Amino acid sequence: MGRTLTGSLGRSVKRSAHAVSLATGRLTAGQRVLPGFLIIGAQRCGTTSLYRALSQHPLVLKPVLRKGVHYFDVAYEHGLRWYRAHFPLRATAARLHRMYGHRPIAFESSPYYLFHPLAAARIAQALPGVKLIVLVRDPVERAYSAHAHELARGYEREPCFERAVLLEDERLAGEPERLCADPRAGSHAHRHHAYLARGRYAEQLARIEPLVGRDHLLVVDSHRFFTSPATVYAEVLRFLGLPELTVPGFACHNARPRAAPMPASLRRRLAAHFAPWDSRLTPWLGHPPSWLR
């Protein structure tokens, strides 16, 4: 009981601090920077781990309030001034520029941006020239991990992964069209139950490329990031045009334990489902996806 009350009090204090910080940010929005790059997904592909590694760079400015602002997907009605309120002051950026002789870059990480049907167009309009980073992993593993994640957070009530996959088409039927028809609309199923649809990465990249340009998109194989983090980190910095000033600590964040191994027969069926989209990732990665080797 005491632990529950302590947890509730902590959450209440955190919400209050967030509200005060956001109100202050909105008052000074005109003095704040906008992001120069975004980590836009995919969900359960190491976005938090990359976010934390990049946040350690002296010239990378993370959001003031939280890792993912989710403005371009579920909070777009708040307007650009609200979005600006989440980022550091221009004075902070200017101070770092003087200190390091290189212009700093602000960013955030919201993995629903990759999948939301309107997010890419909104990003391109509000942040011309922005650079986007996408992480991808074995889509079968991503789907299994996403189900465990949504189940643990209470957004999924179907405990059987195979059953949740079978329900997906029914759950998502008409939802992308509804989101496009009503920009203020939200969809619980589209955001939390798209286990297969989110893993068709090439489909989502093809939608985004014409809006921002191929040279503004970097696609990273998560397996490479976790097995050779320093190499991938250096590649990301080159993409962003940032110098290597420090060596960050690399760690895996937000991993969740599995209740049981995935049945081999289900794994084979899902791998066959994803094969056409996986084969289209090689030009984006510069090598075949790690899970196909």
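Residues numbered from 1 in each chain as written. Predicted model: local features only at pLDDT ≥ 70, side-chain atom pairs only at ≥ 80, totals over all residues. Heavy atoms only, no water.

Under an unreviewed UniProt entry, the name given to the chain is Sulfotransferase, and the source organism is Spongiactinospora gelatinilytica.

Right, let's get into the overall build of the chain. Along its length, the chain carries 15 helices and five strands. Out of the 293 residues belonging to the chain, those deemed buried represent 48%. Pairs at least 24 apart in sequence give 77% of the contacts found in the chain among residues at least 6 apart. For the chain, the accessible area works out to roughly 14200 Å², and carbon and sulfur atoms hold 56% of it. (Helix = DSSP H or I, 4+ residues; strand = E, 2+ residues; numbered from the N terminus. Buried < 20%, exposed > 50% of the residue type's maximum accessible area, 1.4 Å probe, protein only. Contact = heavy atoms within 4.5 Å. Areas by Shrake-Rupley, 256 points an atom, 1.4 Å probe, with all protein chains shown as cover.)

As enumerated under the stated definition, the model contains 14 aromatic pairs in all. The interplanar angle of 70° and the centroid separation of 5.0 Å between the aromatic rings of Phe72 and Tyr83 together place this pair among those described as edge-to-face. One end of the pair, Phe72, is in helix α3 (residues 71-74); the other, Tyr83, is in helix α4 (residues 80-84), and 11 residues separate them in sequence. There is no split in this pair, since Phe72 and Tyr83 are both buried. Here Phe72 and Tyr113 contribute two aromatic rings whose centre-to-centre distance is 5.5 Å and whose plane-to-plane angle is 70°, an arrangement assigned as edge-to-face. Here Tyr113 lies in the loop between β3 (105-109) and α6 (119-126) and Phe72 lies in helix α3, a separation of 41 residues in the sequence. Since its relative accessible area comes to 0%, Phe72 is described here as buried. The lysine or arginine in question, Lys131, covers the ring of Phe239, its NZ or CZ lying 5.2 Å from the ring centre. Positioned over the ring face of Trp277 is Arg200, at 5.2 Å from the centre of the ring. (Phe/Tyr/Trp six-rings, centres within 6.5 Å; stacked < 30°, edge-to-face > 60°. Lys NZ or Arg CZ within 6 Å of the ring centre and 35° of its normal.)

Turning next to the pairing of strand β4 (residues 131-136). Of all six residues in β4, five are buried; the element is thus mostly enclosed. Two elements, strand β1 (residues 37-41) and β4, share four bridges in a ladder whose sense is parallel. Paired with Ile39 across the strands is Ile133, a residue of β4. When β4 meets strand β5 (residues 217-221), the two strands line up parallel, connected through five bridges. Bridging across to β5, Val134 finds its partner in Val219. (Pairing = 2+ DSSP bridges.)

Among the five residues in β1, five count as buried, and that is most of the element. Judged from the three bridges that link them, β1 and β3 form a sheet pairing that is parallel. Paired with Ile39 across the two strands is Ser109, which belongs to β3.

The next point concerns helix α13 (residues 229-240). Compared with the 16 Å implied by 1.5 Å per residue over 12 residues, the 16 Å span of α13 between its first and last C-alpha is a close match. Looking at the buried positions of α13, the neighbouring elements they touch are β1, α2 (47-55), β3, β4, β5 and α12 (222-227). Downstream of α13 by a residue or two, Gly241 has a phi angle that is positive, lying close to 75°. (Expected span 1.5 Å × (residues − 1).)

The next thing to look at is the side chain of His216. Along the chain, His216 turns up in the loop between α11 (201-212) and β5. One polar contact links His216 to Asp215, side chain to side chain, over a distance of 3.0 Å. (Polar contact = N/O pair within 3.5 Å; in protein donor to acceptor, adjacent residues only side chain to side chain.)

A cis amide bond, omega -5°, links Gly41 with the succeeding residue Ala42. Structurally, the position occupied by Ala42 is in the loop between β1 and α2. Residues other than glycine seldom take positive phi values, yet Arg44 does so here, at roughly 65°. With a phi angle near 60°, His70 is a residue other than glycine that sits in the positive phi range. Within the fold, His70 resides in the loop between β2 (60-61) and α3. Under the relative-accessibility criterion, His70 is labelled buried at 17%.

This part takes up the packing of helix α8 (residues 161-172) against helix α14 (residues 264-278). For the pair α8 and α14, the least separation of the axes is 11 Å and the interaxial angle reads 30°. In terms of axis orientation, α8 runs roughly parallel to α14. For α8 against α14, the interelement crossing comes out left-handed. Here α8 contributes Phe161, Glu162 and Val165 to the contact with α14, which in turn contributes Leu266, Arg269 and Leu270. When its residues are assigned to classes, the contact of α8 with α14 shows four nonpolar, no polar and two charged. (Axes fitted to C-alpha atoms, helices over the stretch in contact; angles between N-to-C directions. Parallel < 35°, antiparallel > 145°, perpendicular 65-115°, else oblique. Left-handed = near helix turned anticlockwise from the far one by under 90°. Nonpolar A, V, L, I, M, F, W, Y, C, P; charged D, E, K, R; others polar.)

Turning to the sheet that holds β2, a few remarks are in order. Within the open sheet, the five strands sit side by side as β2-β3-β1-β4-β5. Their pairing is parallel. Strands with a single pairing partner mark the edges of an open sheet, and in this sheet they are β2 and β5. The strands that α13 touches are β1, β3, β4 and β5; relative to β4, the one it contacts most, it runs at about 155°.

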